[in-house]
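Take a look at the letters that make up each chain.
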Amino acid sequence: MLFKKIRMIFFIGLTLILSCAPAEEPAGKDGRLAVIATIFPLYDFARNIGGDRVSVTMLLPPGSDVHHYELKPNDIIRVSKADIFLFTSFDLEQWAYKIINAAAEKTNMLAVETGQGAFLLPLPDSPELDPGHSEGPPTNDPNHASKYDPHIWLDAANAQKMIDNIAAAFIIRDPKNSEVYKENAGRYKRRLTELDEKYRVSLSACKTKTVLHAGHWAFAYLANRYHLRYRSAYNSSADAEPSPQQILSLMEQVRAQKLRYIYYEDLAAPKLAGVIASETGVELLKLNNGHDVGKKDFQAGETFLSLMEKNLANLKKGMQCR
Ligand SMILES: [Zn+2]
């Protein structure tokens, strides 16, 4: 059974999954690699690494919620036409194995779990887990729920790992352009390193270390990397609405820590952020987690780096950094 094969390949530590058919002519237009990426960070990494040698599309429409995404029949058709399918992890896109199974019957598409080898943090309600250990592909249990925080790209070292994995896949599928992919990936990684350094310096001398986020649990990797105290209204993406007690507890924290700003996101409960702000008198600042880029931002040409720059500006303001 194919799924067993995937699992086996996964466990021997390879990043790339599925039939590796190297050195074939790419299926995309004009000999360009046709790449389909599930969500925005992967889409943007792939564009930067591939340059004009690849044609990249995003599987989930801008503004989609990846945590509750329901696969459409057309998604499988779109993926099966691609040379390379990029997804984050079986923790985030738990439906990826369905696509891989279905598309593999028709094509020699290369499926890449770009988060392979990334550092992992447990979700806040899974304190017994050690960071850094993946559970591997999901079982066929439809109720499979990951215990790991899937927002791995918000750790700069993880993002670099993902870029390496994507570049390696491009090289396997299109070896004649390997130098271009290596060079592009190297250049992009240097920009990420510069941004990481800017975060480290900018967030090192601030009045508060607390980032209170009235959205879903998405910024733990960022908080972990730059030693911030992170609190969100929802403990995980699968949470039901926060209870009145949880909301009151957030308001108490705002008052106790004399916060002047709290954060909101477009996807989860922007109204809740408004309620907390009006009750406590704080101002609202936006943080973008990378995966819920809206239609407007997408069409305006925002990039992963531009969104992270905006986040840094708002963190500096909210944490009152020098
Ligand atoms: Zn999320």
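For the structure itself, look to the data block above.
We now turn to the structure provided with this report.

Cut-offs used in this document
- Residues numbered from 1 in each chain as written.
- Predicted model: local features only at pLDDT ≥ 70, side-chain atom pairs only at ≥ 80, totals over all residues.
- Helix = DSSP H or I, 4+ residues; strand = E, 2+ residues; numbered from the N terminus.
- Expected span 1.5 Å × (residues − 1).
- Buried ≥ 20, exposed ≤ 12 C-beta atoms within 10 Å, placed from the backbone.
- Pairing = 2+ DSSP bridges.
- Core = buried A, V, L, I, M, F, W, Y, C linked by C-beta atoms within 7 Å.
- Contact = placed C-beta atoms within 7 Å.
- Right-handed = clockwise from strand over helix to strand, strands pointing away.

**With respect to helix H5 (residues 156-173)**
Two residues of an α-helix separated by three or four positions point the same way, owing to the 3.6 residues in each turn. With 18 residues, H5 extends 26 Å from end C-alpha to end C-alpha; this agrees with the ideal 26 Å at 1.5 Å per step. For H5, the complete set of buried residues consists of Ala156, Asn158, Ala159, Lys161, Met162, Ile163, Asn165, Ile166, Ala167, Ala169, Phe170 and Arg173.

**So, the pairing of strand E8 (residues 261-264)**
By the alternation rule, side chains of E8 split into Tyr261 and Tyr263 and Ile262 and Tyr264, which are all buried. Examined bridge by bridge, E8 and strand E9 (residues 283-286) share 4 bridges and lie parallel to one another. Across the sheet, isoleucine 262 pairs through a bridge with leucine 284, a residue of E9.

**Considerations on the nonpolar core**
In terms of nonpolar packing, the biggest core is built from 82 residues, with Val35, Ala37, Ala46, Phe85 and Ile166 touching the most fellow members. Counting residues per element, this core draws most heavily on H5, which supplies 8 residues. Aside from chain neighbours lying at most four places away, what touches alanine 46 is Val35, Ala37, Val54, Val56, Leu86 and Ile166.

**Regarding the pairing of strand E3 (residues 54-58)**
The two faces of E3 differ: Val54, Val56 and Met58 on one face are buried, but Ser55 and Thr57 on the other face are not. Handedness of the strand E2 (residues 33-37)-helix H2 (residues 40-50)-E3 crossover: right-handed.

**Things to note about the environment of glutamate 183**
Structurally, glutamate 183 is set in helix H6 (residues 178-202). For the pair glutamate 183 and glycine 50, spaced 133 residues apart in sequence, the C-alpha separation works out to 10.0 Å.

Geometric values such as these leave the question of function open.
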